[in-house]
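A closer look at the structure
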Amino acid sequence: MSTLAPLRLLREPSNASEGNQSNATVGASGGWCQGLDIPNELFLALGLLSLVENLLVVAAILKNRNLHSPTYYFICCLAVSDMLVSISNLAEMLFMLLLEHGVLVMRPSIVRHMDSVIDMLICSSVVSSLSFLGVIAVDRYITIFYALRYHSIMTLQRAVVTMASVWLASTVSSTVLITNFRSNTILLCLISFFLFMLVLMLVLYIHMFALARHHLHSISSQQKPPTAHRGGSLKGAVTLTILLGVFFICWGPFFFHLILIVTCPTNPFCTCFFSYFNLFLILIICNSVIDPLIYAFRSQELRRTLREVVTCS
């Protein structure tokens, strides 16, 4: 799949281009250095699936007044962010295909402006998606540890301010990234942001799981046999593994790719890793497909509303 200007740089750093001619031949001798030829149809199919899924989530939350709460507003914003990931991917593919086949003829200056707009949309959707994953984790943490004070802590006004701040920060940061995409400092900031979100989610979810396990232990200690304790702990461990596992698997390779760009752009083994950039993009799109299954579709109320939306009842 063709990628636009800053993403081409992320695929293969410019300061590694000369090194690839000489050093990368060592790594290229292995078949794994050839990368993967991922068809455009796969990008298109995943993008459309993610778009439909997240569009249904947004429609269901807007339709049902029972879902008009900060928690579901955050889930709605996550769905919008994932929709932008899909839309930007589809727009990029369509734009490049039209140019390559001569259907769309534009001046180079206009093409560059279109590149910048699409790239800014891509970066903004990635940053906002990561941000709302963190916001949802914080919201769940408050729900569990401050249940009696939740509605006074997470008021509608604070939720609106949080959502607006995330969208504003995502737009500003994506603009800075696109205009300074050759700077390693910008990449380090993006990497630090990912690591912060990973640590934040890891600490919050493990703490929530520990509290749930302690609560179940105190209950099951009065029961014989303590089957509730074992079953609840297993369910909590599975949920925690799914949440953090999906996050790390889908986002980790892309940000590890950025780390290698900063630390070893000319190393033969790093250049081999760069050849799998399209696979990392596929994983990010897969995350947009999986997010509704984890955060939205597990709600019985939302599933009921989805059935009404689909059946137009």
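Residues numbered from 1 in each chain as written. Predicted model: local features only at pLDDT ≥ 70, side-chain atom pairs only at ≥ 80, totals over all residues. Heavy atoms only, no water.

Within the protein chain, the secondary structure is distributed over 13 helices and zero strands. Going from the N terminus to the C terminus, the protein chain shows its helices and strands as α-α-α-α-α-α-α-α-α-α-α-α-α. In the protein chain, which comprises 313 residues, the proportion classed as buried is 45%. Contacts spanning at least 24 positions in sequence make up 82% of the contacts within the protein chain whose residues lie at least 6 apart. As displayed, the protein chain offers around 16,100 Å² of accessible surface, 69% of which is attributable to carbon and sulfur atoms. (Helix = DSSP H or I, 4+ residues; strand = E, 2+ residues; numbered from the N terminus. Buried < 20%, exposed > 50% of the residue type's maximum accessible area, 1.4 Å probe, protein only. Contact = heavy atoms within 4.5 Å. Areas by Shrake-Rupley, 256 points an atom, 1.4 Å probe, with all protein chains shown as cover.)

Our next topic: the state of the cysteines. The tally for this structure, following the rule as stated, stands at one disulfide. A sulfur-sulfur separation of 1.8 Å characterises the disulfide bridge that pairs Cys264 with Cys270. The sign of the S-S torsion, about -80°, decides the handedness of the disulfide formed by Cys264 and Cys270: left-handed. Note on accessibility: Cys264 and Cys270 belong to one class, buried. With no disulfide partner, Cys76 has as its closest neighbouring cysteine sulfur the one in Cys77, 5.9 Å distant. On the basis of relative accessible area, Cys76 is assigned to the buried category, the value being 11%. (Disulfide = S-S within 2.5 Å.)

In this structure the tally under the stated criterion is nine aromatic pairs. With a centroid separation of 6.3 Å and 45° between ring planes, the pair formed by Trp251 and Phe255 is classed as tilted. Linking Trp251 with Phe255, this pair stays in helix H10 (residues 227–263), spanning four residues, or about one helical turn. Each member of the pair Trp251 and Phe255 is classed as buried. Within the aromatic cluster, the residues linked to one another by ring pairs are Phe194, Phe247, Trp251, Phe254, Phe255 and Phe277. (Phe/Tyr/Trp six-rings, centres within 6.5 Å; stacked < 30°, edge-to-face > 60°.)

Below, the discussion takes up the UniProt feature "transmembrane region" (unreviewed entry) in the protein chain. Feature annotation in UniProt assigns "transmembrane region" (unreviewed entry) to the following positions: residues 42–62, 74–97, 117–138, 159–179, 185–212, 233–261 and 273–297. End C-alpha atoms of residues 185–212 are separated by 40 Å, and the span's content is 100% helix alongside 0% strand. Helix makes up 88% of residues 273–297 and strand 0%, with an end-to-end C-alpha separation of 35 Å. (UniProt positions renumbered as here; feature names shortened; annotations may be inferred.)

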